[in-house]
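So the chains spell out like this:
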Amino acid sequence: MKLLEIRNLTKRFPIEDSIFGKPVKFLKAVDDVSFEVDKGGVFSLVGESGSGKSTIARLICGAYHATSGEILYKGNPIGRTKTDYRNIQMIFQDPDASLNPRKNVFSIIEEGLRIHRLGSMRERREKVLTILDSVGLDRSTIKKFPHELSGGQKQRVSVARSLILQPELLVLDEPTSALDVSVQAQMLNLLGDLQKEFSLTYVFITHDLKIVSQISDHVAVLYLGNIMEIGPVDQIIDSPLHPYTQGLLESVPQPDPSKKATNEILRGEIPSPVNPPKGCPFITRCPKAFEACTIKPELKLVGDRRVRCHLYDTGGNSDA
Amino acid sequence: MRAAQFFRRLLRSKQAAVGLFVILVILVLALFSPLIATHEVEDMDFMHIFALPGEGGHLFGTDDYGRDLFSRLVYGSRVSLMVGIVAVGIGSLLGTIIGVIAGFFGGLVDSIIMRIMDALLSFPYVLLAIAMMAVLGPGLFNAMLAIGIVMIPSFSRVVRSAVMTYRNEEFVTAARLMGGSGLWVIMFHILPNIIPTIIIYASLNFAGAIISEATLSFLGLGIQPPTPSWGSMLSEAKNYLQTAPNMAIFPGIAILVSCLGFNLLGDGLRDVLDPRLRS
């Protein structure tokens, strides 16, 4: 069953003229993105900063209105209703910013229940304590303030805050990148356990391909708001088709120092989304670019996955 | 528990301790005026007009009607303290409400509100209060009201900018995405974070309010004779500065010391409420 369907989602942000406040240009953060997430699945969005992955997360959670396109939740367009806000929860990258420094752990976790007026004071207290057990925090933490906790503990608090409303879909915006490497693994294990325990569906946003292969079943690679490659995670990690995906995988640091990094592909910076390159978005950095790339390629079905690259114009069935 | 901890931290700062002491002394003077005063405030001792300090049993001397300056000073603390509390209360309450609305909603609402505040700010402080007194008529309550209203623009400006720094914090976004309403976000997230700013600004305005009352009374617009206030005593003293300087010196010192007290407490509060300085 499809829990979440994203159809031709586009989000443009106006760039305002500094004097008159009229939009003079638009920044296309998300450009005609479509994907589906199965109930109980883990869908990853990967890409460099500026690729639009966080914008997609915020669109799903209702922080922004889409410029065009649809987000369907259980087959219905997503609305800003109390139930949607309950069923879809977001976990932010930096727990220092997403936890109110003047509230203790108990009030932070309890907040959702109070917003939705759920349970009596005693029931809420019980729930908070139970959820603390689930995320592996000691019950004595409830009286502490965020600045008294470690980074990993803070992120656990923010996971607890999201889970207390018993959501179905969790949108995780780089939940581990603010943490130490040693804590990252613990956090990923916790997230994996919680997913099974509460039968959650994850939309997992990251720039770290190691994490993608560890946690998710499907992945979409984003570049300048476009999906470049999308499909089952094992295929994409094992044999990436798109030159960009290949480059991303090459740039993953190798733990073995005798293997030299062959980072030849990903040079330079991601272009500004205000002035995206004409044709293929990746043309400015692609080592395999040729004449056809001046025309923007469509997403084409190649095997089980879809790729946006002219290298696969022949062989794959055109999906456009 | 937390209040006790707060006071312990507050008293660790010498500034704040001195400020708190001064304010407590004024509070005692105001609350127990009848017990502390040596004479009735409106009793005139015609045998000792313009008495020097200590003369004829008058600790600080007497004024042009032979009224005991010490007793008038003690009773005057009531007016000064009340003006401070009421005017700052009006100014901080309304200023906070206006500032929160402007800062939180932003856009057109913010522009309209803040342009009105700018217009009010463009008048000199005292002139605005005098204009307001001219409309309301003289009297203590009207003076407090005018001083309070004059405080609103600067207060709302301070609160607005504090709100704006917290409005875009991620914990506010998180609350919105959990379904929290605007009112929820303001009450649960923004207000607890800006309350230190409000307290500090209020404590600094306290001193300003006492001086403003003195100014209005000096101009004859505040408290009406024969009720004493520090400002009105100073006002009466201006004609006798050369012959009886004690009439001006004692209320002057009282205003100076009380303002110092509130300013010291305000500085101390700022240090205590800054989370970066917490252990």
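Calculation criteria
Residues numbered from 1 in each chain as written. Chains lettered and ligands numbered in written order. Predicted model: local features only at pLDDT ≥ 70, side-chain atom pairs only at ≥ 80, totals over all residues. Helix = DSSP H or I, 4+ residues; strand = E, 2+ residues; numbered from the N terminus. Buried ≥ 20, exposed ≤ 12 C-beta atoms within 10 Å, placed from the backbone. Contact = placed C-beta atoms within 7 Å. Expected span 1.5 Å × (residues − 1). Arc of directions from axis to C-beta. Pairing = 2+ DSSP bridges. Axes fitted to C-alpha atoms, helices over the stretch in contact; angles between N-to-C directions. pLDDT = per-residue confidence, 0-100. Parallel < 35°, antiparallel > 145°, perpendicular 65-115°, else oblique. Nonpolar A, V, L, I, M, F, W, Y, C, P; charged D, E, K, R; others polar. Left-handed = near helix turned anticlockwise from the far one by under 90°.

**Comments concerning the overall build of chain B**
Here comes step 1: Broken down by element type, chain B carries 11 helices and 0 strands.
Here comes step 2: Counting helices and strands in the order they occur from the N terminus, chain B gives α-α-α-α-α-α-α-α-α-α-α.
Here comes step 3: Seen along its three principal axes, the alpha-carbon backbone of chain B occupies a region of about 80 × 45 × 25 Å.
Here comes step 4: Across the 279 residues of chain B, 43% fall into the buried class.
Here comes step 5: Sequence separation of 24 or more characterises 67% of the internal contacts of chain B that already satisfy a separation of 6 or more.

**Regarding helix α2 (residues 14-31) of chain B**
All names here are of chain B.
Here comes step 1: If you check α2, its first and last C-alpha atoms are 26 Å apart, about what 18 residues at 1.5 Å a residue would give, namely 26 Å.
Here comes step 2: Listed as buried for α2 are A16, G19, I26 and L29. Looking straight down α2, one finds that the buried residues subtend no more than 150 degrees of arc, so they occupy a single side. Turned more than 90 degrees away from the buried face of α2 sit K14 and L24, all of them exposed.

**Some remarks on the pairing of strand β4 (residues 68-73) of chain A**
All names here are of chain A.
Here comes step 1: Taken together, the 5 bridges between strand β1 (residues 2-16) and β4 define a ladder with antiparallel strand orientation. Bridge pairing in β4 places I6 opposite I71.
Here comes step 2: As defined by bridge partners, β4 adjoins strand β5 (residues 76-77) across 2 bridges and the pair is classed as antiparallel. Bridge pairing in β5 links L72 to P77.
Here comes step 3: Hairpin connection between β4 and β5: a loop of 2 residues separates the two successive antiparallel strands, and K74 in this loop has a positive phi of roughly 55 degrees.

**Some details on the sheet that holds strand β10 (residues 226-232) of chain A**
All names here are of chain A.
Here comes step 1: Ordered by their spatial adjacency, 8 strands build an open sheet running β6-β7-β8-β3-β9-β10-β12-β11, and the pairing between neighbours is mixed. On the outer flanks of this sheet lie β6 (88-91) and β11 (300-302), each paired with one strand and no other. The mean inter-strand angle of the sheet, taken between neighbouring strand axes irrespective of direction, is 20 degrees.

**Here we look at the confidence of the model for chain A**
Here comes step 1: Per-residue pLDDT for chain A has a mean of 87; in total, 93% of the residues score no lower than 70.
Here comes step 2: Predicted confidence is poor over residues 316-320 of chain A, with pLDDT under 50, and the contacts of this stretch with residues over four places away or in other chains come to 11 contacts.

**As for the sheet that holds strand β2 (residues 23-38) of chain A**
Residue and element names in this part refer to chain A.
Here comes step 1: Strand order in the open sheet formed by 4 strands is β2-β1-β4-β5, with antiparallel pairing between adjacent strands. Edge positions in the sheet fall to β2 and β5, since each of these pairs with one other strand and no more.
Here comes step 2: Pairing geometry for β1 and β2, over 11 bridges, is antiparallel. What sits directly across from K11, in β2, is V30.
Here comes step 3: Along the sheet, helix α1 (residues 53-61) makes contact with β1, β2 and β4, crossing β2 at roughly 70 degrees.

**A few points about the packing of helix α9 (residues 182-218) of chain B against helix α11 (residues 246-273) of chain B**
Residue and element names in this part refer to chain B.
Here comes step 1: One way to put it is that α9 packs onto α11 with a least axis distance of 8 Å and a crossing angle of 175 degrees. For the element pair α9 / α11, the angle class is roughly antiparallel. Across the interface between the two elements, P196, I199, I200, S203, L204, F206, A207, I210, I211 and A214 of α9 pack against I255, S258, C259, F262, N263, L265, G266, L269, R270 and L273 of α11.
Here comes step 2: Of the residues contributing to the contact of α9 with α11, the split by class is 15 nonpolar, 4 polar and 1 charged.

**Examining the packing of helix α4 (residues 69-105) of chain B against α9(B)**
Residue and element names in this part refer to chain B.
Here comes step 1: Following both chains from N to C, one finds α4 and α9 inclined at 145 degrees, their axes separated by 8 Å at the closest point. Considering how the two elements wind past one another, α4 and α9 form a crossing that is right-handed. Counted together, V79, S80, V83, G84, A87, V88, G91, S92, T96, V100 and F104 of α4 and G182, I186, I190, I198, A202, N205, F206, A209, I210 and E213 of α9 form the full contact between these two elements.
Here comes step 2: Across the contact of α4 with α9, the residue classes break down as 13 nonpolar, 7 polar and 1 charged.

**Some remarks on the interface of chain A and chain B**
Here comes step 1: Listed by partner, the interface residues are 20 residues for chain A and 15 residues for chain B.
Here comes step 2: Residue assignment for the side of chain A that touches chain B shows that the elements contributing at least two residues are α2 (82-87), α3 (95-98) and α4 (105-115) of chain A.
Here comes step 3: Here the residues of the side of chain A that touches chain B are counted per class, giving 10 nonpolar, 5 polar and 5 charged.

**Regarding the environment of A:V46**
All names here are of chain A.
Here comes step 1: With respect to the helices and strands, the residue V46 is situated in strand β3 (residues 42-46).
Here comes step 2: Overall, the presence of 26 C-beta atoms within 10 Å leaves V46 in the buried class.
Here comes step 3: Sequence-wise, V46 and I205 are 159 residues apart; in three dimensions their C-alpha atoms are separated by 6.1 Å.
Here comes step 4: What V46 contacts, discounting residues up to four positions off in sequence, is T206, H207, L209, V212, V219, V221 and L222.

**Some points on the pairing of strand β9 (residues 218-223) of chain A**
Residues and elements named next belong to chain A.
Here comes step 1: A large share of β9 lies buried, amounting to 6 of its 6 residues.
Here comes step 2: Because side chains alternate across β9, one face comprises the buried residues H218, A220 and L222, and the other comprises V219, V221 and Y223, equally buried.
Here comes step 3: When β3 meets β9, the two strands line up parallel, connected through 4 bridges. The partner of V46 across the bridge, within β9, is V221.
Here comes step 4: Here β9 runs beside β10; their pairing, made up of 6 bridges, is antiparallel. Residue pairing for β10: A220 is matched across the bridge by I230.
Here comes step 5: In this structure, the hairpin formed by β9 and β10 is closed by a connection of 2 residues, where L224 is found at a positive phi of approximately 50 degrees.

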